[in-house]
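Inside the fold
What follows is the residue order along each chain.
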Amino acid sequence: LGLNDFSARAYADNFSLAELSAIIRESHEAGVKIYLAMNTLIKQGELEQAWKLLATSASFGPDAMIIQDLGLARLAARHFPGIERHASTLMAVHSLPGLNVLKEAGYSRAVLARELAFDEVRALAIHSPIEVEIFLHGALCFSFSGLCLMSSFLGGRSALRGGCTQPCRRHYSRAGRKGAFFSTTDLCTAPSFQELLDLPTSTFKIAGRMQGPDYAWRVVVAYR
């Protein structure tokens with residue numbers, strides 16, 4: 001889940017700090033883990049605000065922080081070493097050298113880039129020095145994970161800052177034809193799910209923070 005600031009889903013129905021405290025407490029009583037996403041790039045002038053949010057959130061005891069910004073990750077490692085740090089898919093990790101860098105930076109898990117092919121995911125999962133997490137279901141980015149500048153270019157709202165307006169989903173006209181020419185088909189791995197279960201992965205991720213709870217419940221139950 002994400003908070004109202006520094007979340008890659010700024011337009012989702014995110015949570016306040018008061019809600020986060022209650023959610024973590026009730027979830028832990030039910031045996032459910034909570035991963036807090038602070039997975040945007042952070043500007044120099046925002047460091048104080050981000051630090052205060054990180055410190056307050058960490059005091060509630062989330063099970064992990066999903067982080068993209070290396071500076072924020074270093075602060076979390078230095079002051080809250082007991083909380084796991086997971087590398088967001090927005091870090092666009094596609095290779096074993098990238099996973100090695102994350103290990104050196106203190107990350108315990110990497111959420112791999114969504115556009116990797118199955119053979120690439122398998123090779124990384126087998127040889128990774130840290131845990132890997134892969135996407136099962138949901139929207140795919142038009143560009144490489146975390147590297148698209150289309151929203152910034154067209155509307156001044158950055159995908160790396162949580163403000164993606166998803167221009168790749170819109171309809172465009174070209175040579176007398178109209179269509180969603182940039183839009184990729186959403187990911188559904190159900191037909192090959194057994195192959196994924198055989199991989200040495202730590203977690204499967206279902207994208208759904210811009211969806212409602214009914215959607216999340218139905219998709220999770222289907223894969224379970």
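Reading the values: rules and limits
- Residues numbered from 1 in each chain as written.
- Predicted model: local features only at pLDDT ≥ 70, side-chain atom pairs only at ≥ 80, totals over all residues.
- Heavy atoms only, no water.
- Phe/Tyr/Trp six-rings, centres within 6.5 Å; stacked < 30°, edge-to-face > 60°.
- Lys NZ or Arg CZ within 6 Å of the ring centre and 35° of its normal.
- Core = buried A, V, L, I, M, F, W, Y, C linked by side-chain atoms within 4.5 Å.
- Buried < 20%, exposed > 50% of the residue type's maximum accessible area, 1.4 Å probe, protein only.
- Helix = DSSP H or I, 4+ residues; strand = E, 2+ residues; numbered from the N terminus.
- Contact = heavy atoms within 4.5 Å.

Under the criterion given, the structure shown has 5 aromatic pairs. Ring pairing ties together the aromatic residues F142, Y172 and F182, which thus form one cluster. Directly above the ring of F135 sits R114, whose terminal nitrogen or CZ lies 4.0 Å from the centroid.

To continue, consider the nonpolar core. Within the largest apolar cluster, 40 residues are counted, with the highest numbers of intra-cluster contacts made by M38, L99 and L112. In terms of residues, this core owes the most to one element, helix α2 (residues 47-59), which gives 4 residues. Ignoring any residue separated from it by four or fewer positions in sequence, one finds M38 in contact with F6, A50, L53, L54, M65, I66, I67, Q68 and L72.

So, on to unusual backbone geometry. For F6, which is not a glycine, the phi torsion comes out positive at approximately 60°. Position of F6 among the secondary structure elements: in the segment before α1 (17-29).

This part is about the environment of H79. Looking at the secondary structure, you find H79 in helix α3 (residues 70-79). Classification of H79 by relative accessible area gives partly exposed; the value is 40%.

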